[in-house]
Amino acid sequence: MAGELVTFGTLLRELRQAASLTIEGLAETSGVSVRGIGDLERGRRAAPQQRTVAALADGLGLGEAERDRLLAAARAGRTPGYSPTGVRSFPRGIDDFTGREKEIAQLTDLAQRTVGEGRDDSARSPARPTVVVISGPPGAGKTTLALQAAHEVADAFPHGQLLVDLRGMDDAPPGPAELLLGVLKALQVADRDLVRVGPEGHPELYRQSLADRRCLLVLDNARDEAQVRPLLPSAGECMVLVTSRRMLTGLDSVRRLPLGELEPQESTALLSGLVGADRAEADPAAVAEVAERCAHLPLALRVAGNWLATRTGRSVRHLADRLAQEDRRLNVLAAGDVHVSAAFELSYQQLTPTAARLFRRLALVPGPDTSAAAAAQLVGQDVFDTEDTLEELVETGLLDTDDTRYRLHDLLRLYARTRLTSEESAADADAARTALHTWLLETATVAGRWYEPDYGAPPPDWRGTVDLSSADLARAWLQAEGANWLAAYRATAAAGDHTTVVEVAEALHWFSDQWIFWGHWTEIFDTAARSARVLGDPLVEAAQLNYHAWALTLIEGRHDDSLRRSAQALAAAERAGDLNQQAWAHDYQSTAYRRLEDFDRSMASTLRAAELFEAGGDLNGALQARFGICILLVETERPAEALAFLAETFAFIDAAGDRIAPHIAHFTMVQMHSVSGRAHHLLGAWDAAVHHLRTALDLDRDNPGMTSRLLNQLGHVLREAGRTEPARKAFHSCVAIGADADPAKVADAREQLALLGKVPGPPAPGHSSP
């Protein structure tokens with residue numbers, strides 16, 4: 001803009017270009033180094049000595065007026081209060097910076113916005129500083145990112161780039177007054193001005209000094225908000241990058257940039273750069289394993305890479321195998337005086353005793369994450385107090401959170417385990433683990449019983465610490481805590497508590513239909529069948545053998561194994577004299593035979609099941625037998641008979657009323673509409689087929705396995721009816737469900753989309769009905 005003082009670097013570049021000289025050419029004519037000229041033009045050195053200015057003027061062949069102008073710009077750069085402390089003075093260690101492209105782009109964009117690049121100055125509001133808090137766990141690379149960003153945006157801040165180490169991990173970190181004074185001195189504020197205003201005037205002098213400059217401040221390793229807040233400028237075109245292990249939640253009007261681990265491809269790229277391309281390419285699988293065992297944490301990756309770089313005789317595979325031993329992994333992750341565990345120790349030592357105890361005991365959580373209610377069992381606190389303690393761990397960067405779930409980084413989990421072993425007795429650790437496992441299985445039992453015919457809502461005297469007031473909430477809890485209660489279930493079986501094992505499996509029997517492709521039901525019911533055998537109760541054994549037979553055929557497609565298991569169940573049920581379990585054995589045999597396309601045996605088994613269910617008075621089972629007959633009629637291409645029997649079965653449900661468990665009736669009706677769609681499909685009644693399938697989708701309640709099947713079926717009906725676009729949408733929605741879908745149906749949907757000319761990308765969360 002007219003009237004603005006042109007900086008020395010800007011003027012030097014203009015004069016050089018006017019003389020048609022490259023930087024190398026000016027270096028040759030002036031005797032000033034190429035690097036020195038480059039730093040001056042980029043503002044990294046804004047106050048050259050007079051002899052340097054004279055040499056540059058001679059090299060440029062300047063006349064008297066232009067020489068005076070260049071000298072004036074140099075003098076302006078040396079006036080008190082102006083100090084170009086450049087990025088070049090920052091510590092080494094970022095030459096091989098890798099990854100974080102998104103974060104760098106975000107910081108670069110913020111820098112440009114701070115100095116008003118690309119904006120209309122006439123419409124610009126008063127300049128405001130930009131403050132970015134870069135937070136994350138120990139070793140996440142916060143300082144490295146800040147320094148790399150400082151290099152990237154240095155040209156936007158020609159009046160100085162200052163790095164201030166706040167020493168937040170020290171026992172006695174410097175206070176705001178000391179830090180303010182240090183920055184003022186770095187800005188070359190005159191001592192007489194510092195003395196004139198006195199310590200109480202330093203904050204205002206600090207604000208005024210920064211308001212008139214384009215400066216970049218990196219406030220590294222902040223302790224807390226109180227240390228940082230006085231250092232934040234209130235006006236001007238400054239940018240401040242604050243790095244801290246803490247989230248510094250109490251700071252207002254700041255941008256936040258949380259850092260986690262690197263992406264796998266970024267991790268392997270960083271390792272490859274450290275060890276050399278030849279060694280990395282010789283064993284890419286080992287490189288990937290090292291990255292995985294470093295949990296993609298930048299500090300751990302750098303330690304591992306430096307260890308290999310200084311031991312050229314060692315293969316990457318050698319280190320990968322050493323890191324495979326979990327109990328020694330943190331000891332292996334050391335190179336020279338850099339230890340990953342030491343970085344964790346600094347944060348751990350700053351925790352309150354309550355938070356430190358919870359941190360240690362979180363190592364006992366078997367799954368990848370946990371809830372406040374589960375964590376409370378580890379320390380005997382109530383849930384609200386535990387949540388406060390968890391938030392302290394989140395604030396200090398030792399714990400990640402996503403909504404209501406909390407997660408320890410893999411290496412922090414190993415560190416927590418070492419602290420638990422060192423600071424607590426084995427008896428105390430076992431007691432905490434037992435308390436967690438007991439709570440998990442008790443809650444899983446109550447949640448699962450929402451779907452059991454004789455139970456439903458929790459009993460009035462249940463005093464649980466999670467909300468299970470609806471079946472939907474129960475399902476959400478069972479799925480969120482699945483990895484944890486499954487581990488507790490395994491531990492309970494290993495400990496020989498067979499009664500609890502059977503009780504939990506029995507409670508989850510009908511729920512398993514809601515989460516059919518989870519992947520663990522075969523194990524759960526096989527384990528329960530073994531426990532039932534130990535207990536010596538043939539009726540209990542028959543039930544668990546039947547559940548296992550169901551899982552073998554419907555989930556794993558092991559139909560012959562399922563038939564053997566259901567035969568064992570039938571024998572146990574006959575020993576117990578129980579008609580209903582005999583009926584279920586025949587029902588599961590029918591399913592296996594049908595999957596093997598032995599329709600005669602399948603029909604005989606399902607008719608026998610229907611007789612036994614009627615004799616035993618089990619309406620829930622009788623409904624399943626009737627539904628089995630409907631399926632068989634369709635499978636044997638008797639669609640008209642199937643539709644007639646389906647109509648009778650819908651009437652059967654209506655007549656039974658609440659004598660059939662609501663969840664069982666609802667789930668079966670979804671399946672019946674699906675079979676109705678198949679029957680109409682066979683008859684070529686496309687509109688009726690689509691109607692029943694859309695009705696099934698409308699009735700389906702958050703059951704991704706069933707939804708994927710219905711969408712796949714709908715896609716086929718629509719495609720055969722010549723409705724290409726709706727068919728494509730149905731197949732795409734099937735694929736988009738993700739990991740909980742029926743994998744066979746997803747694979748088929750992808751094939752159909754390829755045939756229709758559109759293969760979808762990676763599955764997106766959720767689905768929409770076509």
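What you see is a predicted model, and the numbers here were worked out from it, not measured in a lab. Every residue gets a number counted from 1 within its own chain, in the order that chain's sequence is written. Given that the model is predicted, a residue must reach a pLDDT of at least 70 before its local features are reported, and side-chain atom pairs must reach 80 or more before they are shown or counted; all residues, however, enter totals for whole chains, interfaces and linings. The side-chain figures draw on all heavy atoms in the structure; neither hydrogens nor water molecules are used.

(A) The environment of Leu 362, seen in detail. Looking at the element boundaries, Leu 362 is found in the loop between helix 18 (353–361) and helix 19 (372–379). Owing to a relative accessible area of 4%, Leu 362 belongs among the buried residues under this scheme. Each C-alpha atom, one on Leu 362 and one on Arg 407, is 8.9 Å from the other, the two residues being 45 residues apart in sequence. The contact partners of Leu 362, leaving out residues within four places of it in the chain, are Thr 370, Ala 375, Leu 378, Leu 390, Leu 393, Leu 399, Leu 408 and Arg 413. The way it works is that DSSP assigns letters per residue, a run of H or I at least four long becomes a helix, a run of E at least two long becomes a strand, and they are numbered from the N terminus. The classification of residues rests on relative accessible area computed with a 1.4 Å probe and restricted to protein chains. Under 20% of the type maximum is buried, over 50% is exposed, and intermediate values are partly exposed. The contact rule is simple, with two residues in contact once any of their heavy atoms fall within 4.5 Å.

(B) Local environment of the pattern of salt bridges. In what follows, salt bridge is the name for a side-chain nitrogen of Lys or Arg lying within 4 Å of a carboxyl oxygen of Asp or Glu. Enumeration according to the criterion identifies 41 salt bridges in this entry. Close ionic contact of Arg 196 with Asp 193 constitutes a salt bridge, the shortest N to O distance being 3.5 Å. Of this pair, Arg 196 and Asp 193 both sit in helix 9 (residues 191–211), 3 residues apart, which is roughly one turn of that helix. Overall, the relative accessible area of 59% leaves Arg 196 in the exposed class. Taking the relative accessible area as the measure of exposure, Asp 193 reaches 23% and is therefore partly exposed. Between Asp 283 and Arg 317 there is a salt bridge, with the nearest N and O atoms lying 3.8 Å from each other. Here Asp 283, found in the loop between helix 12 (277–282) and helix 13 (284–293), pairs with Arg 317, found in helix 15 (residues 316–323); they are 34 residues apart in sequence, far enough to count as distant.

(C) Just the sheet that holds strand 3 (residues 216–220), in detail. The 5 strands lie next to each other as 2-3-4-1-5, forming an open sheet whose pairing is parallel. Looking at which strands have only one partner, the edges of the open sheet turn out to be strand 2 (161–165) and strand 5 (255–258). Mean inter-strand twist for the sheet, computed between neighbouring axes without regard to direction, equals 15 degrees. Whether two strands pair comes down to DSSP finding at least two bridges between them. Of the strand pairs in this sheet, strand 3 and strand 4 (residues 239–244) are connected by 4 bridges, and their pairing is parallel. Each bridged residue has a counterpart across the sheet, and for Val 218 the counterpart in strand 4 is Leu 241. Axis lines are fitted through C-alpha atoms, for helices just across the contact stretch, and the angle between N-to-C directions can take any value from 0 to 180 degrees. Along the sheet face, helix 7 (residues 142–153) touches strand 1 (130–135), strand 2, strand 3, strand 4 and strand 5 and points at about 165 degrees away from the line of strand 4.

(D) Expanded view of the side chain of Glu 41. Considering the arrangement of structural elements, one finds Glu 41 in helix 3 (residues 34–41). What qualifies as a polar contact is a pair of N or O atoms within 3.5 Å, subject to a donor-acceptor requirement within protein and to the restriction that residues adjacent in sequence count only when both atoms come from side chains. Within the local environment of Glu 41, its side chain forms a polar contact with the side chain of Arg 16, the two groups lying 2.7 Å apart. Not counting residues within four places of it along the chain, the set of residues in contact with Glu 41 comprises Gly 9, Leu 12, Arg 13, Arg 16 and Ile 23.

(E) Examining the nonpolar core more closely. One finds Phe 359, Leu 362, Leu 411, Trp 477, Trp 485 and Trp 521 to be the most contacted residues of the largest nonpolar core, which totals 128 residues. Counting residues per element, this core draws most heavily on helix 31 (residues 619–635), which supplies 10 residues. Leaving out residues up to four positions away in the same chain, Trp 477 has contacts with Trp 439, Leu 440, Thr 443, Ala 444, Ala 447, Val 466, Leu 468 and Trp 485. Put simply, buried Ala, Val, Leu, Ile, Met, Phe, Trp, Tyr and Cys residues joined by side-chain atoms within 4.5 Å make one nonpolar core. Among the nonpolar cores identified, the runner-up in size contains 28 residues, and Leu 194, Ala 222, Leu 232 and Val 242 belong to it.

(F) Here's a closer look at the packing of aromatic side chains. Centre distance within 6.5 Å is the pairing criterion for rings of Phe, Tyr and Trp, where only the six-membered ring of Trp is used; planes under 30 degrees apart are then read as stacked, over 60 as edge-to-face, and the remainder as tilted. Throughout the structure, instances matching the rule amount to 18 aromatic pairs. Pairing Trp 485 with Trp 521 gives two aromatic rings, centres 6.4 Å apart and planes at 40 degrees, and the pair type is tilted. With Trp 485 in helix 24 (residues 482–494) and Trp 521 in helix 26 (residues 521–535), this residue pair connects regions lying 36 residues apart in the sequence. The pair Trp 485 / Trp 521 is uniform in exposure class, with both members buried. With a centroid separation of 6.0 Å and an interplanar angle of 70 degrees, the aromatic rings of Trp 510 and Trp 584 are classed as edge-to-face.

(G) Region of the structure containing the side chain of Ser 30. Structurally, Ser 30 can be placed in helix 2 (residues 23–30). Relative accessible area serves as the criterion here: at 13%, Ser 30 is assigned to the buried category. Polar side-chain contacts of Ser 30 include one of 2.7 Å to the backbone oxygen of Leu 26. In terms of polar contacts, Ser 30 uses its side chain to reach the backbone amide nitrogen of Val 32, at 3.2 Å. Beyond its immediate chain neighbours, meaning those up to four positions away, Ser 30 contacts Ile 37, Ala 55, Leu 56 and Gly 59.

(H) Molecular detail of the packing of helix 22 (residues 426–448) against helix 24. Packing of helix 22 against helix 24 leaves a shortest axis separation of 9 Å and a crossing angle of 110 degrees. With respect to helix 24, the element helix 22 is oriented roughly perpendicular. Residues His 437, Leu 440, Leu 441 and Ala 444 of helix 22 lie in contact with helix 24, whose contacting residues are Asn 484, Trp 485, Ala 488, Tyr 489, Ala 491 and Thr 492. Each angle gets one of four labels, with under 35 degrees taken as roughly parallel, over 145 as roughly antiparallel, 65 to 115 as roughly perpendicular, and the rest as oblique.

(I) A look at the confidence of the model for the protein chain. As a per-residue measure, pLDDT tells how confident the predictor is, with possible values from 0 to 100. Across the protein chain, the average pLDDT comes to 89, with 93% of residues at 70 or higher. With pLDDT under 50 throughout, residues 79–88 is counted as low confidence; its partners more than four residues away or in other chains account for 37 contacts. Note that residues 118–124 has pLDDT below 50 and, in this model, 6 contacts with residues that lie over four places away or in other chains.

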